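Structural features, examined
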Amino acid sequence: MTEEGAKSTAEMQVNPTRAKQLVEAFSSVTSRINAASRGKNVRLVAVSKLKPATDILALYNNPTSHLHFGENYLQELSEKASLLPPSIKWHFIGALQTNKCSPLAQIPNLHLVSSVDSIKKADALNKGRTQLISTSKTDEEKAEVGKLNVHVQINTSSEESKSGVEPSEAAELCRHIRDDCPSLHLAGVMTIGALARSQASTAEVENEDFIKLRDTRDQIAEALGVTKEELELSMGMSEDFESAVTMGSDEVRVGSTIFGERPPRKEAKVVEGSG
Ligand SMILES: *Cc1c(COP(=O)(O)O)cnc(C)c1O
């Protein structure tokens with residue numbers, strides 16, 4: 001931890017009532033995941049975008065000791081990463097812009113970027129990560145920084161407005177990451193999916209986006225000559241994480257069910273009570 005980071009974490013006051021509320025909501029989500037997963041290990045990314053750093057600290061602390069948090073905006077993630085403990089594993093899940101890929105990849109405890117949808121962005125992330133690794137001084141530091149995990153985001157609902165590659169183009173992008181981006185590790189695939197499809201699914205009718213992501217993952221695995229298990233599925237959010245887990249998701253990204261409704265972006269503050 002940098003001295004600056006240590007100092008600011010110590011100065012941050014977590015409101016005990018708020019902390020209790022967050023721990024309860026978080027624990028309820030983890031029990032629901034465990035009930036749906038029947039013993040399989042599923043990663044929970046607590047989506048903390050637009051929420052203050054103290055909310056994250058409350059879940060990082062005992063008794064939950066959570067490490068995986070998801071953010072959507074580079075500026076906000078950078079601020080939080082410099083304020084909060086370096087053992088946090090950050091996930092970038094928002095829409096990626098090519099010009100922001102290199103600074104993003106240089107955040108040392110950025111664990112995974114879930115929204116890679118073009119060769120250009122993969123190359124920019126790879127370049128940034130390569131630079132970070134090369135400026136690490138000792139071998140120990142180099143090993144600690146390591147490769148940056150990425151998911152390829154798939155547009156499973158074919159909506160014009162959604163980012164993500166078309167399923168038919170996904171294997172090519174995955175192959176590029178594996179073969180031509182030595183500082184990246186292809187961890188799997190991700191989808192957001194259409195809200196309407198999420199709402200239309202029931203216990204009997206499976207979510208079409210989740211089926212599409214699973215099928216696309218299977219095709220990519222075959223094209224790349226790897227096992228399905230080597231490519232994880234990131235699908236499921238507040239409204240549909242249990243059905244996603246039932247359908248084989250390895251990672252769910254849950255925000256509002258844990259943290260409550262988000263404020264408008266212009267009103268969001270990393271440090272409460274500031275400017
Ligand atoms: C905001 C966001 C989430 C979390 O959404 P909730 O509905 O609040 O759980 C998950 N995934 C992505 C990509 C997001 O942008």
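Heads up: these notes are all about the structure in this document. Numbering of residues begins from 1 in every chain and follows the order in which that chain's sequence is written. In keeping with the model being predicted, local features are shown solely for residues with a pLDDT of at least 70 and side-chain atom pairs are shown and tallied solely at 80 or more, while totals for entire chains, interfaces and linings include all residues. Water and hydrogen atoms were dropped before computing side-chain values, which therefore reflect all heavy atoms in the structure.

1. Some words on the overall build of the chain
This is how it is decided: In DSSP terms, a helix is any run of H or I states spanning at least four residues, a strand is any run of E spanning at least two, and both are numbered starting from the N terminus. Put simply, the radius of gyration uses C-alpha atoms, and a globule should come to 2.2 Å times the residue count raised to 0.38. Only protein chains enter the accessibility calculation, which uses a 1.4 Å probe; a residue is then buried when its area is under 20% of its type maximum, exposed when over 50%, and partly exposed in between. Here, two residues are considered to be in contact whenever any of their heavy atoms come within 4.5 Å of each other.
Secondary structure assignment for the chain yields twelve helices and eight strands. Taking 19 Å as the expected radius of gyration for a compact globule of 275 residues, we find that the chain reaches 18 Å, a close match to that expectation. In terms of principal-axis extent, the alpha carbons of the chain reach across some 50 × 45 × 35 Å. Buried positions account for 50% of the 275 residues belonging to the chain. In the chain, the proportion of contacts linking residues at least 24 apart, taken out of those at least 6 apart, comes to 63%.

2. A look at the site of the ligand
Note the following rule: Whether a residue is near a molecule or strand depends on its heavy atoms: it is near if one of them lies within 4 Å of it. Each polar contact in these results corresponds to two N or O atoms within 3.5 Å; when the atoms are within protein, one needs to be able to donate a hydrogen and the other to accept it, and residues that are neighboring in sequence are counted only if both atoms are side-chain atoms. Detection works on a 1 Å grid of protein atoms alone, calling trapped sets that fit a 1.4 Å probe cavities and calling open sets with protein on both sides within 12 Å along at least five of seven lines pockets, with lining residues defined by an atom within 4 Å of a point. Just a note on the criterion: a molecule sits in a pocket or cavity if more than half of its atoms are within 2 Å of the grid points. Three classes are used, and their members are as follows: Ala, Val, Leu, Ile, Met, Phe, Trp, Tyr, Cys and Pro are nonpolar, Asp, Glu, Lys and Arg are charged, and the others, Gly among them, are polar.
As a structural note, the neighbourhood of the ligand is formed by 13 residues, with Lys49, Ser238, Gly255, Ser256 and Arg262 the closest of them. At a separation of 3.0 Å, a nitrogen atom of the ligand approaches a polar side-chain atom of Arg253. In this structure, Arg262 approaches the ligand through a side-chain N or O atom, which is 2.8 Å from an oxygen atom. More than half of the atoms of the ligand fall within 2 Å of the grid points belonging to the second largest pocket. By residue class, the composition of the shell around the ligand is six nonpolar, four polar and three charged.

3. Some points on empty space enclosed by the protein
Formally: Grid points are joined across faces, edges and corners, and a volume is the space filled by probe spheres set on the points.
A complete count under the given rule lists one cavity of 30 Å³ or more for this structure. For the largest cavity, the calculated volume is near 30 Å³. What lines the largest cavity is Gln153, Ile154, Asn155, Thr156, Ser157, Lys162, Ser163, Thr191, Ile192 and Gly193. Looking at the lining of the largest cavity residue by residue, the classes come out as two nonpolar, seven polar and one charged.

4. Points about the nonpolar core
Across soluble globular proteins, you tend to see nonpolar side chains buried next to one another. Short version of the rule: Residues grouped as a nonpolar core are buried Ala, Val, Leu, Ile, Met, Phe, Trp, Tyr and Cys residues, joined through side-chain atoms within 4.5 Å.
Formed by 66 residues in total, the largest nonpolar core has its most connected members in Leu104, Val113 and Leu125. Look past the residues within four positions of Val113 in its chain and what remains in contact with it is Phe92, Leu96, Leu104, Leu125, Leu148, Asn149, Val150 and His151.

5. Structural notes on the pairing of strand E5 (residues 148–153)
Where we set the bar: Two strands pair if DSSP finds at least two bridges between them. Convention used here: a crossover is right-handed provided that the path from the first strand, over the helix, to the second strand proceeds clockwise when the strands point away from the viewer.
Most of E5 is tucked away: six of the six residues are buried. Summarising the sheet, strand E4 (residues 110–116) and E5 pair through three bridges and their orientation is parallel. Residue pairing for E5: Val116 is matched across the bridge by Val152. The pairing of E5 with strand E6 (residues 184–190) spans six bridges and is classified as parallel. Among the inter-strand pairings, Gln153 is bridged to a residue of E6, identified as Met190. Handedness of the crossover joining E5 and E6 through helix H8 (residues 170–180) is recorded here as right-handed.

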